[in-house]
Amino acid sequence: MSAVGYSPDRLLARYPELMATLERTITAEAYFQIFQQLSDNYSPTLTVSRVQGALVEQLLSVGSGNMERMTLDRNARHSGTITVKVGSGKPTVWLSAHADVCSYLTGAWDGSGYPLTPFCMHRVSAGARPAMALAAPRGYGPLERLVEGVMVTDEHDHVRFETARDDLPLHTRVVHHRPASWDRVTGAVSGFLDNQAGSAALLLAAQALSHFEVNALMLINDEEEGPVDKGNQGFSRAANRLLHRTPLDELPDYAIVVDGHGQEDLLRRGAPTTFGKGASFTGMSSQARGAVTPPQLLEFARELQGWAAPFGVGMVEHPGYVGRSDDISLMQFTPNVSIVGYPGAYSHFDQPPLSYMHDLVALTKVLVFMVLAANDEAWQEAYL
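Figured I'd write up the structure that's included with this text. Just so it is clear, the model here is predicted, and its values are computed rather than measured. (Residues numbered from 1 in each chain as written. Predicted model: local features only at pLDDT ≥ 70, side-chain atom pairs only at ≥ 80, totals over all residues. Heavy atoms only, no water.)

**Let's talk about the sheet that holds strand 11 (residues 188-190)**
- Read from one edge to the other, the open sheet built from three strands follows the order 10-11-17, with strand pairing classed as antiparallel. Every other strand in the sheet has two partners, leaving strand 10 (181-182) and strand 17 (355-356) as the edge strands with one partner each.
- With two bridges connecting them, strand 11 and strand 17 associate as antiparallel partners. The residue of strand 17 that forms the bridge with A188 is Y356. (Pairing = 2+ DSSP bridges. Helix = DSSP H or I, 4+ residues; strand = E, 2+ residues; numbered from the N terminus.)

Structure (structure tokens):
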């Protein structure tokens, strides 16, 4: 038995086909097939339901999941959040990742380009980076790409979009322009990791979980990026909207929030990173300004780290800062929030975003372990 009171042997006894199912469904190829399509389908804040909803439906329909046990809602409770429900009962756990990406709003043409207003935290140093202007949604599906250009940040942190086209409407959305990639030699993954990497993990985990008698709800959120106020109410608005519109008896007792766990500070100091060690977890976000994981749930993550390792599934406790995400909304409705993610760097494009496939696959499997455990009454008795 574990220190708190739950044995991994119990989980494996309940689900004897667990590891075989994970090996069959959660592969690097399956993960990248989902991530690439989400990442290359640019979905700036306030467009997720329209832009990604149909794609998520398609990805589920052609994947390895049991469609009879998955229910998609492209705009749950008109919140802007896409949900995928696994099972027919009340979800015992909600898992959250966001699919909106950093974007910028154009000002008026000034002769060589457009000044930009960030609709996210602008975290790039001086320089020029490829960018794309996007049209407004026309119905549902990918946004039309209007014109390529460069996003230029000067030494005073002012940012602009330089392009030859001079007729873009005010407040046209501009995003970084970088196709998703996976180097099969090094394992490096790039693209809109923040947070299509987390969204891909949730969708692939849902497909694996659909083969078991469990209940869970996956949230693919909008509005985690932007606006740029420093307070908790400044972002994570779609998740907040969904939670406020959910009946009390349907609210979660437990939530898992998935996002990138930054390696930039470790890289800057020349310290060892957690790249290559698997899924990442931590006990708090934004130095306790966001969610703080209850001690017993943090201990569970450490226990899971130990018993997942023999199955080739790595986990590592992140030693540094992890930013807030949709935990700031979920913590208002349940004290039981776990913060789990993947090691990543340069999520806001100061350099090409970076993560590794080994860690992303491990994350997806860890999420399955956590959901299966959370569906066990003995686990609930011990940890909630």
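Let's pick the thread back up.
**Overview of helix 10 (residues 357-374)**
- The end-to-end C-alpha separation of helix 10 is 26 Å, in line with the 26 Å expected for 18 residues at 1.5 Å each.
- Across the 18 residues that make up helix 10, a large majority, 17, are buried. (Expected span 1.5 Å × (residues − 1). Buried < 20%, exposed > 50% of the residue type's maximum accessible area, 1.4 Å probe, protein only.)

**Digging into empty space enclosed by the protein**
- Considering all chains together, one arrives at two cavities of 30 Å³ or more under this definition.
- Taken as a whole, the largest cavity spans an internal volume of roughly 50 Å³.
- The wall of the largest cavity is formed by F281, T282, T293, L297, L298, A301, S338, I339, V340 and M370.
- Elements supplying a minimum of two residues to the lining of the largest cavity: strand 14 (279-282), helix 8 (295-308) and strand 16 (337-344).
- Considering only residue class, the lining of the largest cavity consists of seven nonpolar, three polar and no charged.
- There is about 30 Å³ of room inside the second largest cavity.
- Mapped by element, the contributors of at least two residues to the lining of the second largest cavity are strand 13 (255-262) and strand 16.
- Considering only residue class, the lining of the second largest cavity consists of five nonpolar, three polar and two charged. (1 Å grid on protein atoms, 1.4 Å probe; cavity = no way out; pocket = protein on both sides within 12 Å on 5 of 7 lines; lining within 4 Å. Points joined across faces, edges and corners; volume = space filled by probe spheres on them. Nonpolar A, V, L, I, M, F, W, Y, C, P; charged D, E, K, R; others polar.)

**Describing the packing of helix 8 against helix 10**
- Where helix 8 contacts helix 10, the axes come no closer than 12 Å and their chain directions differ by 120°. As summarised for this structure, helix 8 and helix 10 are arranged oblique, according to the angle between their axes. Where helix 8 crosses over helix 10, the handedness of that crossing is right-handed. Contacts between helix 8 and helix 10 pair F300, L304, W307 and A308 from the former with V366, F369, M370 and A373 from the latter.
- Broken down by class, the residue content of the contact of helix 8 with helix 10 amounts to eight nonpolar, no polar and no charged. (Axes fitted to C-alpha atoms, helices over the stretch in contact; angles between N-to-C directions. Parallel < 35°, antiparallel > 145°, perpendicular 65-115°, else oblique. Left-handed = near helix turned anticlockwise from the far one by under 90°. Contact = heavy atoms within 4.5 Å.)

**Remarks on the pattern of salt bridges**
- Taken as a whole and assessed by the stated rule, the structure comprises 17 salt bridges.
- A salt bridge links R302 to E317, with the nearest nitrogen and oxygen atoms 2.9 Å apart. One end of the pair, R302, is in helix 8; the other, E317, is in strand 15 (residues 315-317), with 15 residues separating them in the sequence.
- Overall, the relative accessible area of 35% leaves R302 in the partly exposed class.
- Taking relative accessible area as the criterion, E317 reaches 30% and is therefore assigned partly exposed. (Salt bridge = Lys/Arg side-chain N within 4 Å of Asp/Glu carboxyl O.)

**Thoughts on the nonpolar core**
- Residues L18 and L367 are the most contacted members of the largest nonpolar core, which totals 77 residues.
- The greatest single-element share of this core, amounting to 14 residues, is contributed by helix 10.
- Residues within four places of L367 in sequence aside, it is in contact with L95, A201, L202, A205, I256, V258 and V340.
- Formed by 14 residues, the second largest nonpolar core is a distinct cluster that contains L242, L243, A291 and L330. (Core = buried A, V, L, I, M, F, W, Y, C linked by side-chain atoms within 4.5 Å.)

**Topic: the layout of surface pockets**
- The computed volume of the largest pocket comes to approximately 1000 Å³.
- If you go around the largest pocket, you meet 42 residues; those closest to its centre are R123, Y321, G323, S347 and H348.
- Of all elements in the fold, only helix 5 (193-209), strand 13, helix 7 (264-269) and strand 16 reach the threshold of two or more residues within the lining of the largest pocket.
- When grouped by side-chain class, the residues that make up the lining of the largest pocket number 15 nonpolar, 13 polar and 14 charged.
- Together, 13 residues line the second largest pocket, and R77, T83, K85, L217 and E250 are the ones closest to its centre.
- A per-class count over the lining of the second largest pocket returns five nonpolar, three polar and five charged.

**Some thoughts on the packing of helix 3 (residues 28-40) against helix 5**
- Contact geometry of helix 3 with helix 5 gives a least axis separation of 9 Å together with a crossing angle of 135°. As summarised for this structure, helix 3 and helix 5 are arranged oblique, according to the angle between their axes. Between helix 3 and helix 5 lies a crossing whose hand is right-handed. Counting all contacts with helix 3, which are made through A30, Y31, I34, F35, L38 and S39, the residues of helix 5 involved are L193, Q196, A197, S199, A200, A201, L203, L204 and Q207.
- Partitioning the contact of helix 3 with helix 5 into residue classes produces eleven nonpolar, four polar and no charged.

**Notes on the pairing of strand 2 (residues 82-86)**
- A large share of strand 2 lies buried, amounting to four of its five residues.
- Two elements, strand 1 (residues 70-73) and strand 2, share four bridges in a ladder whose sense is antiparallel. Residue T71 lies in a different strand from strand 2, and its bridge partner there is K85.

**Section: the packing of aromatic side chains**
- Enumeration according to the criterion identifies 13 aromatic pairs in this entry.
- Between Y42 and F192 the ring centres are 5.2 Å apart and the planes differ by 65°, which places this aromatic pair in the edge-to-face class. Here Y42 is found in the loop between helix 3 and helix 4 (48-61), whereas its partner F192 is found in the loop between strand 11 and helix 5, with 150 residues between them in sequence. For the pair shown, Y42 and F192 are each scored as buried. (Phe/Tyr/Trp six-rings, centres within 6.5 Å; stacked < 30°, edge-to-face > 60°.)

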